[in-house]
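# Secondary and tertiary structure notes
The residues making up each chain are set out below.
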Amino acid sequence: MDRDNHVLITGGAGFIGSHLARALLAADKQVSVIDNLSTGLHSNVADLEANPDFRLYVDTIQDVSLMQKLMMECGTVYHLASAVGVRLIMEQPVATIDTIYQGTEVVLRLARRYRNRVLITSTSEVYGKSTKVPYCEDDDRVEGPTTKHRWAYACAKALDEFLALAHWKETRLPVAIVRLFNTVGPRQRGQYGMVVPRFVEQALAGDDLIVHGDGTQSRCFCHVYDVVQALIMLVNSSTAWGQIFNVGSTEEISIRGLAELIVQRLESPSQIRTIPYSEAYGEGFEDMQRRIPSIERIRLAVGWSPTLSINDVIDDVAAEFRDGRLGD
Ligand SMILES: NC(=O)c1ccc[n+]([C@@H]2O[C@H](COP(=O)([O-])OP(=O)(O)OC[C@H]3O[C@@H](n4cnc5c(N)ncnc54)[C@H](O)[C@@H]3O)[C@@H](O)[C@H]2O)c1
């Protein structure tokens, strides 16, 4: 295989990774995926396995010898493998830290040896409890205490960012970091606390939509198709190396507003019900009231901005549930 045309996607059987794999194959890239199927699904990529340009390795990124082989073969690494989702993070606190920090350490150490281009997926969670609107990449972070486990995800991702920037500083390793804000679309699952697929599924079934807290907390939801384009544009631009980019929608909606929109758009008879956070995630859980990205930096660097709306997201997610395309 031609190394320059060959990409590795860690976590490529997951939600975003499986969309990225399709987009890269459509652009005539050769794509290898490593995924331990902890939250990813074989069915997300099963249809790609007939393509001679696609390979799936079901294994962990903590397997250094396999990662060494894969990173020698591939010019570019999109590093998406991670513990993901608030519920999973609260339920598997040790694995969360191990996967995020150790996994990224392996990717960056090998990238330094084999001079891969690397894109690291971080998260808007690193802004923590900051109330600034909108969040800019160089803003101060406001993290909660280490006794509240929710913050482990943000801290481990922030450490990944420090490590990536340190590699850039020391050896000019070509690495870019994206802080993803809420990304939504087909193939995202509700079981890890992801709000859009959970509400859509509840609305289609006529069940109550369960809003955590009072529902006034707001988010910006970006279609996964737009996010995948941002990742590809950044990897292809040398101006991105050594930098952090917010990637997300700037269209803000409250969680109650989202529930109402989904019920209305899907013409569902469902009712909307609120439950306290403590009932959903246990005592001591903290949530952010607003989380809005500034996307000026990525707009200036590569000309990216979202093209799809929350209505497009709802329609695409509902179409998937209606078609029964959710496998495994
Ligand atoms: N979806 C979002 O809204 C969002 C927001 C912020 C950041 N992110 C980041 O984007 C990336 C992709 O997230 P996603 O939404 O597609 O979630 P996902 O859970 O669908 O994807 C993560 C993938 O990583 C795999 N994985 C986990 N541990 C692994 C390991 N040790 N070895 C190999 N594979 C492993 C999982 O099986 C899964 O397929 C993650 O790094 C996540 O932190 C996502």
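It should be noted that the structure appears before, not after, this text.
The text that follows walks through the structure, step by step, so that each part is easy to find. (Residues numbered from 1 in each chain as written. Predicted model: local features only at pLDDT ≥ 70, side-chain atom pairs only at ≥ 80, totals over all residues.)

Before going further, it helps to examine the overall build of the chain. Secondary structure assignment for the chain yields 11 helices and 13 strands. The globule rule puts the C-alpha radius of gyration for 328 residues at 20 Å, and the 19 Å found for the chain is close to it. In terms of overall dimensions, the chain has C-alpha extents of about 55 × 45 × 40 Å along its principal axes. Classification of the 328 residues of the chain by burial places 43% in the buried group. Here the analysis covers contacts within the chain between residues at least 6 apart in sequence; of these, 79% occur between residues at least 24 apart. (Helix = DSSP H or I, 4+ residues; strand = E, 2+ residues; numbered from the N terminus. Rg over C-alpha atoms; globule rule 2.2 N^0.38 Å. Buried ≥ 20, exposed ≤ 12 C-beta atoms within 10 Å, placed from the backbone. Contact = placed C-beta atoms within 7 Å.)

For the rest of this paragraph, the subject is the pairing of strand 11 (residues 244–247). Residues Ile244 and Asn246 point to one face of strand 11 and Phe245 and Val247 to the other, with burial holding for every one of them. Judged from the 4 bridges that link them, strand 6 (residues 175–180) and strand 11 form a sheet pairing that is parallel. When the sheet's bridge partners are listed, Arg179 is paired in strand 11 with Asn246. (Pairing = 2+ DSSP bridges.)

What follows covers the site of the ligand. Every one of the 28 residues lining the ligand counts as a neighbour, but Gly11, Gly14, Thr39, Gly40 and Ser82 are closest to it. Elements with a minimum of two residues in the shell around the ligand: helix 1 (15–26), strand 2 (30–35), helix 4 (93–114) and strand 5 (117–123). A per-element tally of the shell around the ligand places helix 1 first, with 3 residues. Residue classes in the shell around the ligand are distributed as 10 nonpolar, 17 polar and 1 charged. (Near = placed C-beta within 6 Å. Nonpolar A, V, L, I, M, F, W, Y, C, P; charged D, E, K, R; others polar.)

What follows is about helix 2 (residues 64–73). Every buried residue belonging to helix 2 is among Met67, Leu70 and Met71, and all of these are buried. Down the axis of helix 2, the smallest arc covering the buried residues is 95°, so these residues share one side. When the buried face of helix 2 is taken as reference, the exposed residues oriented beyond 90 degrees from it are Ser65 and Met72. Buried-residue contacts for helix 2 involve strand 1 (6–10), strand 2, strand 3 (54–58), strand 4 (76–79) and helix 4. (Arc of directions from axis to C-beta.)

Before going further, it helps to spend a moment on the nonpolar core. Counting residues in each nonpolar core, the largest one holds 91 residues, and the members touching the most others are Val178 and Leu231. Broken down by element, this core gets its largest block of residues, 8 residues, from helix 7 (residues 224–235). Not counting the four nearest positions on each side in its chain, Val178 is found in contact with Leu119, Thr121, Ser122, Ala230, Leu231, Leu234, Phe245 and Val247. (Core = buried A, V, L, I, M, F, W, Y, C linked by C-beta atoms within 7 Å.)

This paragraph deals with unusual backbone geometry. That bond from Val133 to Pro134 is cis: its omega, -10°, falls within 30 degrees of zero. Its location among the elements puts Pro134 in the loop between strand 5 and helix 5 (150–171). Phi at Arg172 is positive, roughly 55°, even though this residue is not glycine. Along the chain, the position of Arg172 falls in the loop between helix 5 and strand 6. A residue is classified by how many C-beta atoms lie within 10 Å of it, and Arg172, with 11 of them, is exposed.

Within the open sheet, the 7 strands sit side by side as 3-2-1-4-5-6-11. Their pairing is parallel. Looking at the sheet topology across the chains shown, the edges are occupied by strand 3 and strand 11. Taking each pair of neighbouring strands and ignoring which way they run, the sheet shows an average axis angle of 20°. Here strand 4 runs beside strand 5; their pairing, made up of 4 bridges, is parallel. (Axes fitted to C-alpha atoms, helices over the stretch in contact; angles between N-to-C directions.)

This next bit is on the environment of Ser278. Along the chain, Ser278 turns up in helix 9 (residues 277–281). Looking at Ser278, the number of C-beta atoms within 10 Å reads 12, which means it is exposed. On a C-alpha basis, the gap between Ser278 and Ala83 in space is 22 Å, while along the polypeptide they are 195 residues apart.

With that out of the way, let us pick up the packing of helix 2 against helix 4. Two elements in contact, helix 2 and helix 4, have axes separated by 10 Å at closest approach and are oriented at 45°. As judged from the angle between their axes, helix 2 and helix 4 are oblique. For the crossing formed where helix 2 meets helix 4, the hand is right-handed. Residues Val64, Met67, Gln68, Met71 and Met72 of helix 2 lie in contact with helix 4, whose contacting residues are Val106, Leu110, Ala111 and Tyr114. Grouping the constituent residues of the contact of helix 2 with helix 4 by class yields 8 nonpolar, 1 polar and no charged. (Parallel < 35°, antiparallel > 145°, perpendicular 65-115°, else oblique. Left-handed = near helix turned anticlockwise from the far one by under 90°.)

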